[in-house]
Amino acid sequence: MTQDMRVIEIAQPGGPEVLTPAQRDIPAPKAGEVVIRVAYAGVNRPDALQRAGLYNPPPGASDLPGLEASGEISAVGEGVSEWKVGDQVCALLPGGGYAEYVATPAAHCLSIPDGMSMDQAACLPETFFTVWSNVFQRGGLQAGERFLIHGGSSGIGTTAIQLARHFGARVFVTAGSEDKCAACIDLGAERAINYRDEDFVEVVRAEGGANLILDMVGGSYLPRNVKSLADDGRLVQIAFLQGPKVELNFAQVMMRRLTITGSTLRPQSDLAKARIAVELREKVWPLLSAGQIKPVMDSEFALDEASQAHARMESSGHIGKIVLKVS
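Residues numbered from 1 in each chain as written. Predicted model: local features only at pLDDT ≥ 70, side-chain atom pairs only at ≥ 80, totals over all residues. Heavy atoms only, no water.

A few words now on the side chain of arginine 266. Relative to the helices and strands, arginine 266 is located in the loop between β13 (259-262) and α9 (270-283). One buried charged residue, arginine 266, remains without a salt bridge, the closest side chain of opposite sign being aspartate 47 at 6.1 Å. A distance of 2.9 Å separates the side chain of arginine 266 from the backbone oxygen of proline 94, its partner in a polar contact. (Helix = DSSP H or I, 4+ residues; strand = E, 2+ residues; numbered from the N terminus. Buried < 20%, exposed > 50% of the residue type's maximum accessible area, 1.4 Å probe, protein only. Lys, Arg positive; Asp, Glu negative; His and termini not counted. Salt bridge = Lys/Arg side-chain N within 4 Å of Asp/Glu carboxyl O. Polar contact = N/O pair within 3.5 Å; in protein donor to acceptor, adjacent residues only side chain to side chain.)

See the structure below:
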């Protein structure tokens, strides 16, 4: 086996054009890790933020972008007993997915669901870890509750719609075009709000207010989300496409007993991510194997076309996930 691998580096902070093919040494697994020969890598918003110089990798993580991948285990580190060389997996990564090989904690790997292709499996980890931990663990979504998802046609949104609907919630979404709204309805949303034509606050309040909101927009949406919540409602913030700073009247939060929370996935401890993986394996992977839920895929690019993949994502024209074909 060659000791070199193809990778995509960030030459300098900037636009999609700074993503550059290069050669690196194949990583060796540390204790508790596996090395995966990557078949496909998922493309996510944090990759673009890192490329732009706005999201530094946590200490010890690869400087290469790429937070999820599918492939075959090529090496196992000391103390790893649950996986062996040759096993096919998808995995949450600390970074480094835009490469032919990547190392990651063994506890962050999950088996390929029955009947699922490698390209589909590469769409699962980052999105499903994020949705499960924020919507169900942190947000506490229950059957019968009204759930508003901003960015319903994104990878996060299409996953959240399906999981929430499966577990009995009433799902409302916002999206920016009629095609995107239609895609959300097809996935199980009760109501899709085109934010260019309608005020989501009015629509949701007419239904009694949202018990839970999942937001990745921030900015001007923050006070509008507070208005949209039912009494005792929860807002979970996972990103800030419009920025993190806004003036907000917290009197409403107090008087109506609202909860505002949020999280980011990448900086969490390996143990925290492993605990999410355990719940996904028990409660969600059987649904994927049974075909009851599935990833929504937008497009596929070759590894060397990573810049085009980022341009596609940042155009906001996509519905679902974008992947890179690596090997």
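In this structure, the largest pocket spans a volume of roughly 1200 Å³. Looking at the largest pocket, it is lined by 45 residues, and the ones nearest its centre are Arg45, Met216, Ala239, Phe240 and Leu241. Residue assignment for the lining of the largest pocket shows that the elements contributing at least two residues are α1 (45-51), α3 (125-138), α4 (155-166), β9 (170-175), α11 (306-314) and β15 (321-325). Class assignment for the residues of the lining of the largest pocket results in 19 nonpolar, 19 polar and seven charged. Of the volumes computed, that of the second largest pocket is approximately 450 Å³. Together, 25 residues line the second largest pocket, and Gly60, Ala61, Ser62, Pro94 and Ala103 are the ones closest to its centre. For the lining of the second largest pocket, the elements supplying multiple residues, two or more each, are β2 (19-25), β6 (101-105) and α9. By residue class, the composition of the lining of the second largest pocket is 13 nonpolar, five polar and seven charged. (1 Å grid on protein atoms, 1.4 Å probe; cavity = no way out; pocket = protein on both sides within 12 Å on 5 of 7 lines; lining within 4 Å. Points joined across faces, edges and corners; volume = space filled by probe spheres on them. Nonpolar A, V, L, I, M, F, W, Y, C, P; charged D, E, K, R; others polar.)

All right, on to the environment of valine 226 then. Among the secondary structure elements, valine 226 is positioned in helix α7 (residues 221-228). A relative accessible area of 4% places valine 226 in the buried class. For valine 226, the contacting residues outside a window of four places in its chain are Leu248, Gln252, Arg256, Leu258 and Ile260. (Contact = heavy atoms within 4.5 Å.)

The final tally for this structure, using the stated rule, is five aromatic pairs. An angle of 25° between the planes, with centres 4.6 Å apart, marks the rings of tryptophan 132 and phenylalanine 136 as stacked. Of this pair, tryptophan 132 and phenylalanine 136 both sit in helix α3, four residues apart, which is roughly one turn of that helix. Side by side, tryptophan 132 and phenylalanine 136 carry an identical accessibility label, which is buried. Following the ring pairs from residue to residue traces out a cluster consisting of Trp132, Phe136 and Phe167. (Phe/Tyr/Trp six-rings, centres within 6.5 Å; stacked < 30°, edge-to-face > 60°.)

Before going further, it helps to spend a moment on the nonpolar core. Core analysis: the biggest nonpolar cluster contains 49 residues, and Phe128, Phe147, Leu280, Val284 and Trp285 have the highest contact counts within it. Not counting residues up to four positions away in its chain, the partners in contact with valine 284 are Phe128, Trp132, Leu163, Glu279 and Ile293. If you look at the next biggest cluster of nonpolar residues, it comprises 27 residues, including Leu19, Val43, Tyr98 and Ala306. (Core = buried A, V, L, I, M, F, W, Y, C linked by side-chain atoms within 4.5 Å.)

Further remarks concern α3. Among the 14 residues in α3, 12 count as buried, and that is most of the element. If you check which residues of α3 are buried, you get Pro125, Glu126, Thr127, Phe128, Phe129, Thr130, Val131, Trp132, Ser133, Asn134, Val135 and Phe136. Count one or two residues on from α3 and you reach glycine 140, which has phi positive near 65°.

Across seven bridges, the pairing between strand β3 (residues 33-43) and strand β4 (residues 68-76) is antiparallel. Bridge assignment links valine 35 to a residue of β4, and that residue is alanine 75. (Pairing = 2+ DSSP bridges.)

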